[in-house]
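The lines below spell out each chain.
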Amino acid sequence: MSFLEVAIVGYGLAGSVFHAPLIAAEPRMRVAAVVTSSPERAEHARHEHPGVRVVSHAEELFAASAGIDLAVIATPNRTHAPLARLALDAGLPVVVDKPFAVSVADAEDLVARAERSGLALSVFQNRRWDGDFRTVWELVRTGKLGRVRRFESRFERWRPVPKGGWREIGSDEEGAGILIDLGSHLVDQAVTLFGPVRSVYCELDRRREAITTNDDAFVALTHSNGVRSQLWMNAVAPQLGPRFRVLGAEAGYLTYGLDPQEDALRSGRRPDDGLPWGTVEPERWGVLGAEPDFTPLPTAPGDYPAFYSAMAAAVLDGAPVPVDPRDAVTAVRLLAKARESAVAGVTVTA
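Bear in mind the structure is a predicted one, so any value in this text is a computation, not a measurement.

Within the chain, the secondary structure is distributed over eleven helices and 15 strands. For a compact globule of 350 residues, the expected C-alpha radius of gyration is about 20 Å, and the chain comes in at 20 Å, within 12% of that figure. Expressed as lengths along the three principal axes of its C-alpha atoms, the size of the chain is roughly 60 × 45 × 40 Å. In the chain, which comprises 350 residues, the share counted as buried stands at 55%. Residue pairs in contact within the chain that sit at least 24 positions apart in sequence constitute 70% of those at least 6 positions apart. Within the chain, the 45 negative side-chain charges are centred at a point lying 3 Å from the centre of the 38 positive side-chain charges.

In structure tokens form, the structure reads like this:
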């Protein structure tokens, strides 16, 4: 096998905007099947990916999965683990959108199933390929900040009027709320940079009356190496804080704004359209240094396409998957500890 026929289960925002364009841009992959019960989304899939097979239910796809080489789960959070389980049981390698699972037990079960069957399993932690995160990674790796003491990371938005979807009116069991939605990214990035965590503290709030879950969260992680990560998730921030502020013994790094790849994908661009991809204009570069000397630092280009390039190599060539699912189990476990801390009002052991 030298080419992968990919099925995308779920064709809402995640499936149609974040996964399908990246899969279509990967030379060793093709969007071969889409699962959606929406006639409008089905028509959109047929328009964007001529010849695609569209089915209404995942069970129908997995019952007749011949000709499919990889399943991508891009459905609501509560269905991630059950659908990934069905895909693995059908003998398919799987990519699961974040969060990997709503419960630690489900996350551990998926990893065990994949290991028993020898199937590739990965998690779409695309924010590891944000340009600003790649820049921070390089600064930490090369020691240009000195010993890092504090890592601040934010995903903040200004949405005073709720949209009313399941993310805002669902329950913890459904994977609703900003903690699991954006926290899945922020916790993964912190652990990727600074390793194991020994304690967790969390604050959770519901700021808008029309919702039933958290829309304002703060998580503090103390890593085993002494680094303190402070992570903010907020849907009602009228003024946005810096995306990253990293403080080291010799220098700091400060940057504002979000990686441009999400906006590019939402606007209909594809990574293979021949134009520069993931680049950040000089006026949006972060700054590096210590008082009183600061220097603008070019932001590394973002590279979401690298995820599916690595996934193709994992399935076709036996290379490592782009995101180890055990990392995702760690993130799910830390988010569960964060909820426990918020309920108890104390720091808990990780």
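The interhelical angle for the contact between helix α5 (residues 104-117) and helix α11 (residues 325-344), taken along N-to-C directions, is 170°, at an axis separation of 9 Å. By the criterion of interaxial angle, the relationship of α5 to α11 is roughly antiparallel. Taken together, the residues of α11 that come into contact with α5 (itself represented by V104, A107, E108, V111 and E115) are P325, R326, V329, V332, R333 and A336. Tallied by class, residues from the contact of α5 with α11 come to seven nonpolar, no polar and four charged.

Bringing the packing of aromatic side chains into the picture now. Tallied over the entire structure, the rule returns seven aromatic pairs. Site record: aromatic cluster; members linked through ring pairs are F124, W129, F307 and Y308. Here the basic side chain of R154 rests over the ring of W232, its NZ or CZ set 3.9 Å away from the ring centre. Above the ring of F244, the side-chain terminus of R243 is found at 4.1 Å from the ring centroid.

With respect to the helices, strands and loops of the structure, E156 is situated in strand β7 (residues 148-156). Despite being buried, E156 has no salt bridge partner; R154 is the closest side chain of opposite charge, sitting 4.0 Å away. A polar contact is formed between the side chain of E156 and the backbone nitrogen of G241, at a distance of 2.7 Å. Ignoring anything within four residues of it in the chain, the contact list for E156 reads W232, N234, A237, Q239, L240 and G241.

Right, let's get into the environment of E174. Residue placement: E174 occurs in the loop between α7 (166-169) and α8 (178-194). Along the chain, E174 and R154 lie 20 residues apart, while their C-alpha atoms are 24 Å from each other.

To summarise the sheet geometry, strands pair through backbone hydrogen bonds and adopt either a parallel or an antiparallel arrangement. Read from one edge of the open sheet, nine strands run β14-β13-β12-β11-β7-β10-β9-β8-β15, paired in mixed fashion. Each end of this open sheet is capped by a strand with a single partner; those strands are β14 (293-297) and β15 (348-349). For strand β13 (residues 286-290) and β14, the ladder comprises five bridges, and the chain directions are antiparallel. Note that in β14 the partner of G289 across the bridge is F294. The strands touched by α8 are β7, β8 (197-205), β9 (216-223), β10 (228-234) and β11 (244-248); relative to β10, the strand with the most contacts, the crossing angle is about 155°. Docked against the sheet, α11 engages β8, β9 and β15, running at close to 55° with respect to β8.

In this structure the tally under the stated criterion is 26 salt bridges. One salt bridge in this structure joins R113 and D109, with 2.8 Å as the shortest N-O distance. Here R113 pairs with D109, and both are found in helix α5, just four residues apart, close to one helical turn. R113 gets classed as partly exposed once you look at its relative accessible area, which sits at 21%.

Turning our eyes to something else, we now look at the side chain of R243. Looking at where R243 falls in the secondary structure, it is placed in the loop between β10 and β11. For the buried residue R243, which engages in no salt bridge, the nearest side chain bearing the opposite charge is D132, 4.2 Å off. Ignoring any residue separated from it by four or fewer positions in sequence, one finds R243 in contact with D132, E152, S153, R154, F155, L186, Q189, T255, Y256, G257 and L258.

Definitions and limits used
Counting restarts for each chain: residues are numbered from 1 in the order of the written sequence. Per-residue local features are limited, in this predicted model, to residues with pLDDT of at least 70; the limit for side-chain atom pairs, both in listing and counting, is 80 or more; totals at the level of whole chains, interfaces and linings are taken over all residues. Water and hydrogen atoms play no part in the side-chain values, which are based on all heavy atoms of the structure. To qualify as a helix, a DSSP run of H or I must reach at least 4 residues; to qualify as a strand, a run of E must reach at least 2; elements of each kind are numbered from the N terminus. Only the C-alpha atoms count toward the radius of gyration. The rule for a globule is 2.2 Å times the residue count to the power 0.38. For each residue, the accessible area found with a 1.4 Å probe, counting protein chains only, is set against the maximum for its type, and the residue is called buried under 20%, exposed over 50%, and partly exposed in between. We call two residues contacting when some pair of their heavy atoms lies within 4.5 Å. When charges are counted, neither His nor the chain ends are considered; positive counts come from Lys and Arg and negative counts from Asp and Glu. A single reference atom marks each charge: NZ on Lys, CZ on Arg, CG on Asp, CD on Glu. Every axis corresponds to a line fitted to the C-alpha atoms, with the helix fit spanning only the stretch in contact, and the corresponding angles, defined between N-to-C directions, vary from 0 to 180 degrees. What sets the label is the angle itself: under 35 degrees gives roughly parallel, over 145 gives roughly antiparallel, 65 to 115 gives roughly perpendicular, and the rest give oblique. Throughout this entry, Asp, Glu, Lys and Arg are counted as charged residues, while Ala, Val, Leu, Ile, Met, Phe, Trp, Tyr, Cys and Pro are counted as nonpolar. The remaining residues, Gly among them, count as polar. Any Phe, Tyr or Trp ring, taking Trp's six-membered ring, that has another such ring centre within 6.5 Å forms a pair; planes under 30 degrees apart are called stacked, those over 60 apart edge-to-face, and the others tilted. For a lysine, the NZ atom is tested; for an arginine, the CZ atom; a charge sits over a ring if that atom is within 6 Å of the ring centre and within 35 degrees of the ring normal. Each salt bridge in this description consists of a side-chain nitrogen of Lys or Arg and a carboxyl oxygen of Asp or Glu lying within 4 Å of one another. Polar contacts, as counted here, are pairs of nitrogen or oxygen atoms within 3.5 Å of one another; within protein the pair requires one atom able to donate a hydrogen and one able to accept it, and residues that are adjacent in sequence qualify only if both atoms are side-chain atoms. Two strands make a pair as long as DSSP finds a minimum of two bridges between them.

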